[in-house]
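Understanding the architecture of this molecule
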Amino acid sequence: MGDIFIIDDDKARLSDFVHRLTIVTDISEVVERESSNYYLGHYFKAKLNNCDIKIYYLDTFGCEKYTFIISIDKSTFDTTHQIALLLCKSGVECFVPNENWIYTSWNGEGKIYKS
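Just so it is clear, the model here is predicted, and its values are computed rather than measured. For every chain, the first residue of its written sequence is number 1, and the numbers climb from 1 along that sequence. pLDDT decides what is reported in this predicted model: residues at 70 or higher carry local features, side-chain atom pairs at 80 or more are listed and counted, and totals for whole chains, interfaces and linings draw on all residues regardless. The side-chain figures draw on all heavy atoms in the structure; neither hydrogens nor water molecules are used.

**Description of the pattern of salt bridges**
Opposite charge on two side chains lets them pair, provided their charged atoms get close. Going by this rule: Definition used for salt bridges: Asp or Glu carboxyl oxygen within 4 Å of a side-chain nitrogen of Lys or Arg.
What the rule picks out here adds up to 3 salt bridges. Between arginine 13 and aspartate 16 there is a salt bridge, with its nearest N and O atoms 3.3 Å apart. Residue aspartate 52 pairs with lysine 47 through a salt bridge whose shortest N-O separation is 2.6 Å.

**Considerations on the packing of aromatic side chains**
Convention followed: Side-chain rings of Phe, Tyr and Trp (the six-membered ring for Trp) are treated as a pair once their centres are within 6.5 Å; stacked means planes under 30 degrees apart, edge-to-face means over 60, and tilted covers the remaining angles. Each helix is a run of H or I in the DSSP string that is no shorter than four residues. Each strand is a run of E no shorter than two, and both are numbered from the N terminus. Burial status follows relative accessibility: with a 1.4 Å probe on protein chains alone, a residue under 20% of its type maximum counts as buried, one over 50% as exposed, and anything between as partly exposed. Here, a charge over a ring is recorded when the distance from Lys NZ or Arg CZ to the ring centre is within 6 Å and its angle to the ring normal is within 35 degrees.
Scanning the model with the defined rule gives 8 aromatic pairs in all. Plain terms: the ring middles of phenylalanine 17 and phenylalanine 68 are 4.9 Å apart, the flat faces sit at 20° to each other, and that makes the pair stacked. Taken as a pair, phenylalanine 17 in helix α1 (residues 14-24) and phenylalanine 68 in strand β5 (residues 68-72) lie far apart in primary sequence, 51 residues in all. For the pair phenylalanine 17 and phenylalanine 68, a shared accessibility class is recorded, and that class is buried. Between tyrosine 38 and tyrosine 56 the ring centres are 5.0 Å apart and the planes differ by 70°, which places this aromatic pair in the edge-to-face class. In this pair, tyrosine 38 is assigned in the loop between β2 (28-34) and β3 (42-48) and tyrosine 56 in strand β4 (residues 51-57), connecting sequence segments 18 residues apart. One exposure class covers both tyrosine 38 and tyrosine 56, and it is buried. Geometry around tyrosine 113 places lysine 111 over its ring, the cationic atom sitting 5.1 Å from the centre.

**Observations concerning empty space enclosed by the protein**
The line we're drawing: Of the two site types, the cavity is a set of points on a 1 Å grid over the protein atoms alone where a 1.4 Å probe fits but cannot get out, and the pocket is an open set with protein on both sides within 12 Å along at least five of seven lines, each lined by residues with an atom within 4 Å of a point. Grid points are joined across faces, edges and corners, and a volume is the space filled by probe spheres set on the points. Note on residue classes: Ala, Val, Leu, Ile, Met, Phe, Trp, Tyr, Cys and Pro are nonpolar, Asp, Glu, Lys and Arg are charged, and everything else, Gly too, is polar.
The full count for this structure, using the stated rule, is 1 cavity of 30 Å³ or more. Its volume calculated, the largest cavity comes out at about 30 Å³. Around the largest cavity, the lining residues are Leu21, Thr25, Ile27, Leu48, Ile53, Ile70, Ile72 and Ile83. In terms of residue class, the lining of the largest cavity is made up of 7 nonpolar, 1 polar and no charged.

**Side note on the pairing of β4**
Our working definition: We call two strands paired when DSSP finds no fewer than two bridges between them.
Here β4 lies mainly inside the structure; 5 of its 7 residues are buried. Examined bridge by bridge, β3 and β4 share 5 bridges and lie antiparallel to one another. Residue pairing in the sheet places leucine 48 in a bridge with cysteine 51 of β4. Connecting β3 to the antiparallel partner β4 that follows it, the hairpin turn spans 2 residues, and asparagine 49 within it adopts a positive phi of roughly 55°. In the sheet, β4 pairs with β5 via 5 bridges, with the strands oriented antiparallel. Within β5, the position partnered with lysine 54 by the bridge is serine 71.

**Thoughts on the state of the cysteines**
Filter applied, for reference: Cysteine sulfur pairs qualify as disulfides if the two atoms are within 2.5 Å.
Using the criterion set out here, one finds 0 disulfides in the structure. Summary of cysteine pairing: cysteine 51 is not part of a disulfide, and the nearest cysteine sulfur, belonging to cysteine 94, is at 17 Å. Left without a disulfide partner, cysteine 63 is nearest to the cysteine sulfur of cysteine 94, which lies 14 Å away. Given a relative accessible area of 1%, cysteine 63 falls into the buried group.

Distances and angles like these do not, on their own, reveal function.
Here it is in structure tokens:
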């Protein structure tokens, strides 16, 4: 699994960010879902190659400067960084935390992609 944290200084709506993501990457089968498990009650689910992805508001303690997260199931480390690089080239600043950050103590380590 790979995660990409998104910094959005414009504070766009999640749907606007997902639309931008569809232009920059090859994601498909985008569906908005409602769930009380997600901040503000909704998230987007999509496909990227053979991976399932979710895009949602990030509300994890210690990650307040990041607006959204792209969570890629079955992603390789390289795939996650390739997507982050595409986003960066399109003007989106993002951060890829070290692998398994969610299962270990959040230490803020990873790679920043500045636009």
